[in-house]
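Secondary and tertiary structure notes
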Amino acid sequence: EPPKIRLPRHLKQTYTRRVGETVNLVIPFQGRPRAKVSWQKNGSPIDKNQINIRNTENDTIIFIRKAERGHSGEYDMKVEVENLVDKATIDIQIVDRPGPPEIVTIEDVWGENVNLTWKPPKDDGNAAITGYTIQKADKKSMEWFTVIEHYHRTSATINELVIGNEYYFRVFAENMCGLSEDATMTKESALIAKDGKVYKYPVYDDFDFSERPLFTQPLVNTFAIAGYNATLNCSVRGNPKPKITWLKNKVLIMNDPKYRMFSNQGVCTLEIRKPSPYDGGTYTCRAVNELGEAEVDCKLEVK
C-alpha cells in the first residue's frame, strides 16, 4: 500500500496557539509494509528535547507541553514505504501578547485638544498588531481613564479635556492575545491653558483618494461537506467603492437562490447553501470601479 498522509483539515492552514498552551497534533497516514516517518522543522532535524514525536503504524503525534515562541515554524513530515514517499507541511505559529509601543509623543496642544503620536512596538508577539488603547490621567490624581480603544492608527487627537488641568497619556498595543502588559507613557505632560491659544489650521492640498480595486485578503481554497452551508471570504479596497460580482467556473452567478452575496466594510462573502459535489469548482470574486478591475479566485471541493 503506497504511503498517504491524511492531513486533518484544520492543519491545512496556519495552526495558531498561545504561549504556554499545549500543542497535541495527531496526523494519520497509511502505507504497508510499516512506513518510515521522519520530521524536520524549518529544514533542520527536530530537537527531541523540546518537541515530543511519537510514531505508530498508522499515525504520528507531535506533543509540546508548554508552547513557546521558538516552537513556531514550518514542520515537514515525510512518510516512506520502500521507494515511495508522501510529504506534508504544517505551519505552527505560537503567539503572545505584544510589547508596549516604542515612544509616545505629545505633538501639539490647542484649545481643549491634544495630538499624540507613537511608534508600533518592537515586539508584536508573533501576531499582527490589531489596535491600540489610549488612556489619560490628570496630573493631580494620576488615575488612568481609557479614552480610545481598538484604535488602528499611530496618531490620535484627544478632545474635550478640562481647561486648567494638566494631563499625561499612555498607550497599550493589542494583538489577538490581548493588550500589552505595560503601556508607554508620555515623558512630558500637556497643560490645557486657560487663555487657549489660537490654533492655526495647516493648509493642505486636496488629496486624491481615488484608487483602483485592490484585494487586501485573497480567497482561500476551501473544502466543504455536502449539505452544510459553505462561505468564501475576501476583502477589497478601492475608491469609488468597487462593484462586486461573483463567478463560478468563469460564469457570472445571477439571481441563483443557492447563493447569497454580502459586502460589508470591504469584506466580500459568498454563501453557498447546502452544496452538493456538483457545486465544487473555481469561484472568482471580481471588483470593478471606473479606474480598473481586480479578481481573486479559489477552488471549492465538496465532499
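Reading guide: rules and limits
- Residues numbered from 1 in each chain as written.
- Predicted model: local features only at pLDDT ≥ 70, side-chain atom pairs only at ≥ 80, totals over all residues.
- Heavy atoms only, no water.
- Helix = DSSP H or I, 4+ residues; strand = E, 2+ residues; numbered from the N terminus.
- Buried < 20%, exposed > 50% of the residue type's maximum accessible area, 1.4 Å probe, protein only.
- Contact = heavy atoms within 4.5 Å.
- Core = buried A, V, L, I, M, F, W, Y, C linked by side-chain atoms within 4.5 Å.
- Phe/Tyr/Trp six-rings, centres within 6.5 Å; stacked < 30°, edge-to-face > 60°.
- Lys NZ or Arg CZ within 6 Å of the ring centre and 35° of its normal.
- Patch = residues over 30% accessible without salt bridge, like charges linked within 9 Å, V, L, I, M, F, W, Y side chains within 5 Å.
- Areas by Shrake-Rupley, 256 points an atom, 1.4 Å probe, with all protein chains shown as cover.
- Salt bridge = Lys/Arg side-chain N within 4 Å of Asp/Glu carboxyl O.
- Lys, Arg positive; Asp, Glu negative; His and termini not counted.
- Charge placed at Lys NZ, Arg CZ, Asp CG, Glu CD.
- UniProt positions renumbered as here; feature names shortened; annotations may be inferred.
- Pairing = 2+ DSSP bridges.
- Domains from an automatic or database assignment.
- Buried area = accessible area lost by both parts, 1.4 Å probe.
- Polar contact = N/O pair within 3.5 Å; in protein donor to acceptor, adjacent residues only side chain to side chain.
- Nonpolar A, V, L, I, M, F, W, Y, C, P; charged D, E, K, R; others polar.
- Axes fitted to C-alpha atoms, helices over the stretch in contact; angles between N-to-C directions.

**As for the overall build of the protein chain**
- From N to C terminus, the protein chain includes zero helices and 27 strands.
- The proportion of buried residues among the 303 residues of the protein chain is 38%.
- Across the protein chain, contacts joining residues at least 24 apart in sequence account for 64% of those joining residues at least 6 apart.

**Brief notes about the nonpolar core**
- Ranked by size, the top nonpolar core spans 24 residues in total, and within it I5, L25, I27, W39, M77 and I90 carry the most contacts.
- Residue assignment for this core shows that the elements contributing at least two residues are β3 (23-30), β4 (36-41), β7 (59-64), β8 (73-81) and β9 (84-95).
- Beyond its immediate stretch of four places on either side in the chain, I27 contacts I5, R6, L7, P8, L11, W39, D59, T60, M77 and I90.
- Among the nonpolar cores identified, the runner-up in size contains 21 residues, and C234, W246, L270 and L300 belong to it.

**Some details on the packing of aromatic side chains**
- On inspection of all chains with the given rule, the structure shows four aromatic pairs.
- The ring of F223 has K12 sitting right over it, with the charged end atom 4.1 Å from the ring centre.
- Directly above the aromatic system of Y278 lies the positively charged group of K248, at a separation of 4.5 Å from the ring centroid.

**What to know about a positive patch on the surface**
- A contiguous patch of positive charge on the surface is contributed by K4, R6, R9, K12 and K303.
- Classification of R6 as partly exposed rests on a relative accessible area of 45%.

**Looking at the pattern of salt bridges**
- Tallied over the full model, the rule gives eleven salt bridges.
- Across the salt bridge formed by K139 and E166, the nearest N and O atoms sit 3.6 Å from each other. With K139 in the loop between β12 (131-138) and β13 (144-151) and E166 in strand β15 (residues 166-175), this pair connects stretches of sequence that are 27 residues apart.
- Under the relative-accessibility criterion, E166 is labelled partly exposed at 24%.
- E295 is the salt-bridge partner of R286, the closest N and O atoms lying 2.7 Å from each other.
- If you follow the salt bridges from partner to partner, you end up with R286, E293 and E295 in one network.

**Concerning the UniProt feature "domain: Ig-like" (unreviewed entry) in the protein chain**
- Residues given the UniProt feature "domain: Ig-like" (unreviewed entry) here are residues 3-91 and 213-297.
- Across residues 3-91 one finds 0% helix and 55% strand; the C-alpha atoms that close the span lie 21 Å apart.
- The straight-line gap between the two end C-alpha atoms of residues 213-297 is 15 Å; of that span, 0% is helix and 62% is strand.

**Here's the deal with the sheet that holds β8**
- The strand order across the open sheet formed by five strands is β2-β9-β8-β4-β5, and the pairing between neighbours is mixed. Of all strands in the sheet, those with a lone pairing partner are β2 (15-18) and β5 (44-45), marking the two edges.

**Some details on the domain arrangement of the protein chain**
- Partitioning the protein chain into domains gives domain 1 (4-95), domain 2 (103-202) and domain 3 (211-302).
- Contact with domain 1, which involves seven residues of that partner, is made by six residues of domain 2.
- Summed over both sides, the interface between domain 1 and domain 2 buries roughly 560 Å², with carbon and sulfur atoms accounting for 46% of that surface.
- Counting the surface domain 1 buries against domain 2, the share from its top three residues, R18, R69 and V95, is 75%.
- Between D123 and R69 there is a salt bridge whose closest N-O contact spans 2.8 Å.
- Our count for the contact surface shared by domain 1 and domain 2 stands at five residue pairs in polar contact (both at pLDDT 80 or more).
- At the level of secondary structure, the elements contributing two or more residues to the side of domain 1 that touches domain 2 comprise β2 and β9.
- Examining the composition of the side of domain 1 that touches domain 2, we find that three residues originate from one element, β9, more than from any other.
- Taken together, the residues of the side of domain 1 that touches domain 2 sort by class into two nonpolar, three polar and two charged.

**Some remarks on the sheet that holds strand β11 (residues 113-118)**
- Strands sit in the order β10-β11-β14 across an open sheet of three strands; the sheet is antiparallel. In the strand order of this sheet, the two ends are held by β10 (104-110) and β14 (155-158), each with one partner. Neighbouring strand axes in the sheet, compared pairwise and without regard to direction, differ in orientation by 20° on average.
- One ladder, built from four bridges, connects β11 with β14; its direction is antiparallel. From the neighbouring strand, T117 faces β14, where its bridge partner is S155.

**Considerations on the side chain of T269**
- Here T269 is to be found in strand β25 (residues 267-272).
- Among the polar contacts made by the side chain of T269, one reaches the side chain of N233 at a distance of 2.8 Å.
- The residues contacting T269, other than those within four sequence positions of it, are T231, L232, N233, W246, R260, M261 and F262.

**Some details on the pairing of β13**
- Judged from the five bridges that link them, β12 and β13 form a sheet pairing that is antiparallel. Directly across from K136, in β13, lies its bridge partner F145.
- Once β12 ends, the chain turns through five residues before running back antiparallel as β13, passing M142 with a positive phi of about 50°.

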